[in-house]
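As a plain string of letters, each chain reads:
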Amino acid sequence: MIAQEKDSIKTNPPPKEVVIDSTVVIREPIDALAPAKAAFYSAILPGLGQAYNKKYWKIPIVLGAIGTGVYFYTTNNKEYNRYRDAYKSRLAGFKNDEFYFDAQGNPLTNPRVTTEGLERGQEFYRRNKDLSILITVGLYALNIIDANVDAHLMQYNIDENLSLAPHFHLNEIDGKGQTGLTLNFKF
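Structural notes, computed from the coordinates.

The rules behind these values
- Residues numbered from 1 in each chain as written.
- Predicted model: local features only at pLDDT ≥ 70, side-chain atom pairs only at ≥ 80, totals over all residues.
- Heavy atoms only, no water.
- Patch = residues over 30% accessible without salt bridge, like charges linked within 9 Å, V, L, I, M, F, W, Y side chains within 5 Å.
- Areas by Shrake-Rupley, 256 points an atom, 1.4 Å probe, with all protein chains shown as cover.
- Salt bridge = Lys/Arg side-chain N within 4 Å of Asp/Glu carboxyl O.
- Helix = DSSP H or I, 4+ residues; strand = E, 2+ residues; numbered from the N terminus.
- Axes fitted to C-alpha atoms, helices over the stretch in contact; angles between N-to-C directions.
- Parallel < 35°, antiparallel > 145°, perpendicular 65-115°, else oblique.
- Left-handed = near helix turned anticlockwise from the far one by under 90°.
- Nonpolar A, V, L, I, M, F, W, Y, C, P; charged D, E, K, R; others polar.
- Phe/Tyr/Trp six-rings, centres within 6.5 Å; stacked < 30°, edge-to-face > 60°.
- Buried < 20%, exposed > 50% of the residue type's maximum accessible area, 1.4 Å probe, protein only.
- Expected span 1.5 Å × (residues − 1).
- Contact = heavy atoms within 4.5 Å.

1. With respect to a nonpolar patch on the surface
- Together, L142, I145, V149, L153 and Y156 line one region of the surface with nonpolar side chains, adding up to about 510 Å² of accessible area.
- Relative to the elements of secondary structure, I145 occurs in helix α5 (residues 115–153).

2. Brief notes about the packing of helix α4 (residues 59–91) against α5
- As a packed pair, α4 and α5 sit with axes 8 Å apart at the nearest point and diverge in direction by 160°. One way to sum up the angle between α4 and α5 is to call them roughly antiparallel. With respect to the hand of their crossing, α4 and α5 are arranged in left-handed fashion.
- The class makeup of the residues in the contact of α4 with α5 is 15 nonpolar, 11 polar and six charged.

3. Here we look at the packing of aromatic side chains
- Tallied over the entire structure, the rule returns six aromatic pairs.
- Their ring planes at 75° and their centres at 5.2 Å tell us that Y41 and Y52 sit as a pair that is edge-to-face. Of this pair, Y41 sits in helix α2 (residues 34–44) while Y52 sits in helix α3 (residues 48–52), and the two are 11 residues apart along the sequence.
- Owing to a relative accessible area of 30%, Y41 belongs among the partly exposed residues under this scheme.
- For Y52, a relative accessible area of 29% translates into the label partly exposed.
- With centroids separated by 5.3 Å and ring planes inclined at 70°, the aromatic side chains of Y71 and F72 adopt a geometry described as edge-to-face.
- Using a relative accessible area of 43% as the deciding quantity, one classes F72 as partly exposed.
- Through successive ring pairs, a cluster of aromatic residues spans Y83, F99, F124 and Y125.

4. As for α4
- Here α4 contains 33 residues, and its C-alpha end-to-end distance of 48 Å stays within 8% of the 48 Å for a straight helix at 1.5 Å per residue.
- Residues of α4 that are buried include every one of V62, I66, G69, N76, E79, Y80, Y83, A86, Y87, S89 and R90, and no others.
- At its buried positions, α4 is contacted by α3 and α5.
- Of the residues one or two after α4, G93 is the one with positive phi, at around 95°.

5. Comments concerning the packing of α2 against α5
- Close contact between α2 and α5 brings their axes to 8 Å; oriented N to C, the two are set at 155°. Between α2 and α5, the angle is such that the two are roughly antiparallel. For the crossing formed where α2 meets α5, the hand is right-handed. Contacts from A34, P35, A38, A39, S42, A43 and I44 in α2 reach Y140, N143, I144, A147, N148, A151 and H152 in α5.
- Here the residues of the contact of α2 with α5 sort into 10 nonpolar, four polar and no charged.

6. Focus: the pattern of salt bridges
- As enumerated under the stated definition, the model contains seven salt bridges in all.
- Salt-bridge contacts for R84 lead to D85; the nearest nitrogen and oxygen are separated by 3.7 Å.
- Its relative accessible area of 27% is what places R84 among the partly exposed residues.
- The exposure class assigned to D85 is partly exposed, which follows from its relative accessible area of 44%.
- As a salt-bridge pair, D97 and R90 come within 2.9 Å of each other at their nearest N and O atoms.

See the structure below:
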């Protein structure tokens, strides 16, 4: 008898039926956890929440944005390390850093970049590196927010009974056009 009671309990409520002009419209039940799932999937792997929402065209945009942020971070980090290593070498009294040589590898009497220039280069690339990581984290968060909001918007009732449409009306008296929005709500 206990097994029969468990079988009779349904986890999903039956879809609601709405009668309009003697036609029956069946709507799917709303999954309240869908936005949370989409956000969780996007947090695990960027773009996975967009795939869960079946917005496949957004995946290359998400991956491209985050990949671009990672690219700029690694490039700025590499340049920062170049300038920092040369600066440390100069402070130790060596004149063998890469800025003391020309493009062919011949030593120069005066360096291409001064010690003050190395300091400015370090500051510049450190600032850009920090900015790149902040922008990348922001894009990652935006990816999660987009998946969540998109999943919420997919649950809204959008049918012909409720519509908001632009309209254009030509005034026959003075020949001027009038634009506006029309809200249609049918019971």
